[in-house]
Amino acid sequence: MFDFEQTMILTKAVNTFGARNQEDVAIEEMSELIKALIKHRRYNTPETKENILEEIADVVIMICQLTVIHGFDREIVDEKIESIEKCSNRCGKINFSVL
């Protein structure tokens, strides 16, 4: 899921700030994403849309740290691929030649 350098950076962050603290930060970042989505629904401005992108980036970084904390790597990628396949089965197969 990550290259070696990214894994080392994530591991250093977890070791520096502590696993429990980084889990708390992940929860906070997910909460901020929820708030950004709700705010965008209400106001639908370029600024609220940009805020969604910023919060998604923060959440992705924290999810990466959570995978380090809990020792996931290849397993989480395999699960994600399986989840995408389940979504495809529910939505119907995509005909890419039409797109």
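Predicted, not measured: the structure shown is a model, and the values here were computed from it.

Draft legend 1. Inspection of the overall build of the chain at higher detail. For the chain, the count of helices and strands is 4 helices and 0 strands. Its helices and strands in sequence order give the chain the pattern α-α-α-α, from N to C terminus.

Draft legend 2. Quick peek at helix α2 (residues 19–43). Taking 1.5 Å of rise per residue, 25 residues should cover 36 Å, and α2 covers 36 Å from first to last C-alpha, within 8% of that figure. For α2, every residue scored as buried is listed here: Q22, A26, E29, L33, A36 and H40. The secondary structure elements touched by the buried residues of α2 are α1 (4–17) and α3 (46–69).

Draft legend 3. Just the side chain of Q65, in detail. Topologically, Q65 is positioned in helix α3. Taking the relative accessible area as the measure of exposure, Q65 reaches 6% and is therefore buried. In terms of polar contacts, Q65 uses its side chain to reach the side chain of Q22, at 2.6 Å. Not counting chain neighbours up to four residues away, the residues in contact with Q65 comprise L10, A13, V14 and Q22.

Draft legend 4. The arrangement of the packing of α2 against α3 in detail. At a closest axis distance of 8 Å, the pairing of α2 and α3 adopts a crossing angle of 155°. By the angle between their axes, α2 is roughly antiparallel relative to α3. Crossing geometry of α2 relative to α3 is assigned as left-handed. By residue class, the composition of the contact of α2 with α3 is 14 nonpolar, 5 polar and 7 charged.

Draft legend 5. Spotlight on unusual backbone geometry. Here N44, not a glycine, exhibits a phi torsion of approximately 45°, which is positive. In this structure, N44 sits in the loop between α2 and α3.

Draft legend 6. Local environment of the environment of M8. Considering the arrangement of structural elements, one finds M8 in helix α1. Taking relative accessible area as the criterion, M8 reaches 38% and is therefore assigned partly exposed. With 60 residues separating them in the primary sequence, M8 and V68 have C-alpha atoms 9.6 Å apart.

Calculation rules
Residues numbered from 1 in each chain as written. Predicted model: local features only at pLDDT ≥ 70, side-chain atom pairs only at ≥ 80, totals over all residues. Heavy atoms only, no water. Helix = DSSP H or I, 4+ residues; strand = E, 2+ residues; numbered from the N terminus. Expected span 1.5 Å × (residues − 1). Buried < 20%, exposed > 50% of the residue type's maximum accessible area, 1.4 Å probe, protein only. Contact = heavy atoms within 4.5 Å. Polar contact = N/O pair within 3.5 Å; in protein donor to acceptor, adjacent residues only side chain to side chain. Axes fitted to C-alpha atoms, helices over the stretch in contact; angles between N-to-C directions. Parallel < 35°, antiparallel > 145°, perpendicular 65-115°, else oblique. Left-handed = near helix turned anticlockwise from the far one by under 90°. Nonpolar A, V, L, I, M, F, W, Y, C, P; charged D, E, K, R; others polar.

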